[in-house]
Amino acid sequence: MRTRVLALSAVVALLASCSSATASSSSSSPDDEKTQHLDVVLDWTPNANHSGLYIAQARGYLADAGLDVTIVEPGETSGSQLVAAGKADFAYTVAESLVPARDQGADLVSVATVIEHNTSSLIAMRSSGITRPRDLAGHSYGTYGSELEEALIKKLVACDGGDPSAVTFAPLASDDFRIGLTQHQFDTAWVFDAWDTIRLRDVDGLDVTTIPFIDHTDCIPDWYTPLIATSRSHLDEDPAMVRAFLAAVAHGYRDAMTDPSAAVQALHAASPELDTDLLTRSADYLATRYASSPEAWGHQSSSVWTDFVTFLQDNDLADDDLDVAAAWTDDYLP
């Protein structure tokens, strides 16, 4: 979730400092000249959103494609920044970070959406009485401080006939929503249903309600979160590598859709500390949501991108002359 905070100055600084960097994708030694080494940076610690990548790694789909992939967890520098600077090859990121990064000159292109529709929600304790957007008036929202959050919350409340000025924005002290909700640090927060809601409601047993963003697309846009991005230079200079990587990962996500236990096994083997119950529930939840069918995984819609960028532009969060078509492509998917 920290990727929602649009730290654009960091992108600009990194691009300036690494302007001469070269991409990490390269042929290996003559003894293994058919293997390409790639770095793929996650957007968060390993979770079910990343299942296709881990399955592709565990089942040898990446190796069969001639790819030696290192999966990297994000640090102070995000995957998007590393890809834009030529220090990584692919990154899991979100549309709300990719668009402003492109505004600042970052060489980033979305090449696949991980989940077909937004699975974000606002979550609240049932005792708060928050069941619909207008109920947020008179309550506090736990915020990371991004302008997009404020624009979305105010739009949702106003569309539902509420008073957006009556919503209080309380800075989040941590990512532990259980503590924040039960200790009344805030009344509601933005979460991902596939992980946060399942953990709080089904694993921790909290009596919570949610307001799914996807139920309010008459008011706010749908958008891709997360997605997989690479650089335009990779697309232009090594399209075969991009296609091979996406074919292997798509194979992994198709497996995750038809056999959620494969996702659990691959992720748990890579990160034994993951809670098996949470992981199993999350994998089951996403199996029917990655795409409308296994063959459709990764494909993006022009209207989804246009509607989302228009929302950003209407709220002064993106340049009016942003080239939406250049921000994404499906041309390299299997």
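Not measured: the values here are computed from a predicted model. (Residues numbered from 1 in each chain as written. Predicted model: local features only at pLDDT ≥ 70, side-chain atom pairs only at ≥ 80, totals over all residues. Heavy atoms only, no water.)

Describing the state of the cysteines
(1) Moving on: Using the criterion set out here, one finds one disulfide in the structure.
(2) Moving on: Here Cys159 pairs with Cys219 through a disulfide, and the sulfurs are 2.2 Å apart. Between Cys159 and Cys219 the disulfide shows an S-S torsion of about 90 degrees. By sign, it is right-handed. Taken as a pair, Cys159 in helix H6 (residues 147-159) and Cys219 in the loop between strand S10 (208-212) and strand S11 (227-230) lie far apart in primary sequence, 60 residues in all.
(3) Moving on: Cys159 sits in the partly exposed class, given a relative accessible area of 44%. (Disulfide = S-S within 2.5 Å. Helix = DSSP H or I, 4+ residues; strand = E, 2+ residues; numbered from the N terminus. Buried < 20%, exposed > 50% of the residue type's maximum accessible area, 1.4 Å probe, protein only.)

Notes on the nonpolar core
(1) Moving on: Ranked by internal contacts, the top residues of the largest apolar core, which has 50 residues, are Leu62, Ile228, Phe245, Tyr290 and Trp297.
(2) Moving on: With ten residues, helix H10 (residues 239-258) is the single largest residue contributor to this core.
(3) Moving on: There are two domains that each give this core at least three residues, and those are domain 1 (36-117 + 224-326) and domain 2 (120-215).
(4) Moving on: Here Phe245 is in contact with Leu38, Val40, Leu53, Leu62, Leu67, Phe90 and Ile228, once residues within four sequence places are set aside. (Core = buried A, V, L, I, M, F, W, Y, C linked by side-chain atoms within 4.5 Å. Domains from an automatic or database assignment. Contact = heavy atoms within 4.5 Å.)

Some thoughts on the packing of aromatic side chains
(1) Moving on: In this structure the tally under the stated criterion is nine aromatic pairs.
(2) Moving on: Measuring from centroid to centroid gives 6.1 Å for Phe213 and Trp223, while their planes differ by 40 degrees, and the two rings are tilted. With a gap of ten residues between them, Phe213 in the loop between S10 and S11 and Trp223 in the loop between S10 and S11 connect regions that are remote in the sequence. One exposure class covers both Phe213 and Trp223, and it is buried.
(3) Moving on: Ring centres 5.1 Å apart and planes at 70 degrees place the aromatic pair Tyr253 and Tyr290 in the edge-to-face group. Of this pair, Tyr253 sits in helix H10 while Tyr290 sits in the loop between helix H12 (276-287) and helix H13 (302-314); the two residues are 37 residues apart in sequence, bridging distant segments of the chain. (Phe/Tyr/Trp six-rings, centres within 6.5 Å; stacked < 30°, edge-to-face > 60°.)

Brief notes about the confidence of the model for the chain
(1) Moving on: Per-residue confidence for the chain gives a mean pLDDT of 91, with 90% of residues at or over 70.
(2) Moving on: Confidence drops under pLDDT 50 across residues 1-31; counting only partners more than four residues distant or on other chains, this segment forms 71 contacts. (pLDDT = per-residue confidence, 0-100.)

Description of H12
(1) Moving on: With twelve residues, H12 should reach 16 Å at 1.5 Å per residue; the first-to-last C-alpha distance of 16 Å fits that figure.
(2) Moving on: Along H12, the residues that are buried comprise Leu278, Leu279, Ser282, Ala283, Tyr285, Leu286 and Ala287.
(3) Moving on: Looking at where H12 begins, the residue whose side-chain oxygen comes 3.1 Å from the main-chain nitrogen of Asp277 is Asp275. (Expected span 1.5 Å × (residues − 1). Polar contact = N/O pair within 3.5 Å; in protein donor to acceptor, adjacent residues only side chain to side chain.)

Thoughts on a negative patch on the surface
(1) Moving on: Where like charges cluster on the molecular surface, the negative patch consists of Glu147, Asp314, Asp316, Asp319, Asp320 and Asp321.
(2) Moving on: Within the fold, Asp321 resides in the segment after H13. (Patch = residues over 30% accessible without salt bridge, like charges linked within 9 Å, V, L, I, M, F, W, Y side chains within 5 Å. Areas by Shrake-Rupley, 256 points an atom, 1.4 Å probe, with all protein chains shown as cover. Salt bridge = Lys/Arg side-chain N within 4 Å of Asp/Glu carboxyl O. Lys, Arg positive; Asp, Glu negative; His and termini not counted. Charge placed at Lys NZ, Arg CZ, Asp CG, Glu CD.)

Notes on the domain arrangement of the chain
(1) Moving on: With domains assigned, the chain is organised as domain 1 (36-117 + 224-326) and domain 2 (120-215).
(2) Moving on: With centres defined by C-alpha atoms, the gap from domain 1 to domain 2 works out at 26 Å.
(3) Moving on: Listed by partner, the interface residues are 18 residues for domain 1 and 17 residues for domain 2.
(4) Moving on: Surface buried jointly by domain 1 and domain 2 totals about 1500 Å² across both partners, of which 79% is contributed by carbon and sulfur atoms.
(5) Moving on: When the buried area of domain 1 at its contact with domain 2 is split by residue, Leu278, Phe311 and Leu317 rank highest and sum to 35% of it.
(6) Moving on: Linking domain 1 to domain 2 there are zero salt bridges.
(7) Moving on: Counting across the domain 1 and domain 2 interface gives one residue pair in polar contact (both at pLDDT 80 or more).
(8) Moving on: For the side of domain 1 that touches domain 2, the secondary structure elements donating two or more residues are H12 and H13.
(9) Moving on: With seven residues, H12 is the single largest residue contributor to the side of domain 1 that touches domain 2. (Buried area = accessible area lost by both parts, 1.4 Å probe.)

Some words on the pattern of salt bridges
(1) Moving on: Applying the stated rule across the entire model yields ten salt bridges.
(2) Moving on: Of the charged contacts in the structure, one is a salt bridge between Arg178 and Asp204, with a shortest N-O distance of 3.9 Å. Of this pair, Arg178 sits in helix H7 (residues 177-182) while Asp204 sits in the loop between helix H8 (193-203) and S10, and the two are 26 residues apart along the sequence.
(3) Moving on: Given the relative accessible area of 34%, Arg178 is considered partly exposed.

Observations regarding the side chain of Asp193
(1) Moving on: Within the element layout of this structure, Asp193 appears in helix H8.
(2) Moving on: Buried charge Asp193 goes without a salt bridge, the closest partner of opposite sign being Arg201 at 6.2 Å.
(3) Moving on: Side chain to side chain, Asp193 and Thr197 meet in a polar contact 2.7 Å long.
(4) Moving on: Not counting the four nearest positions on each side in its chain, Asp193 is found in contact with Thr119, Ser120, Ser121, Ile198, Thr210 and Tyr285.

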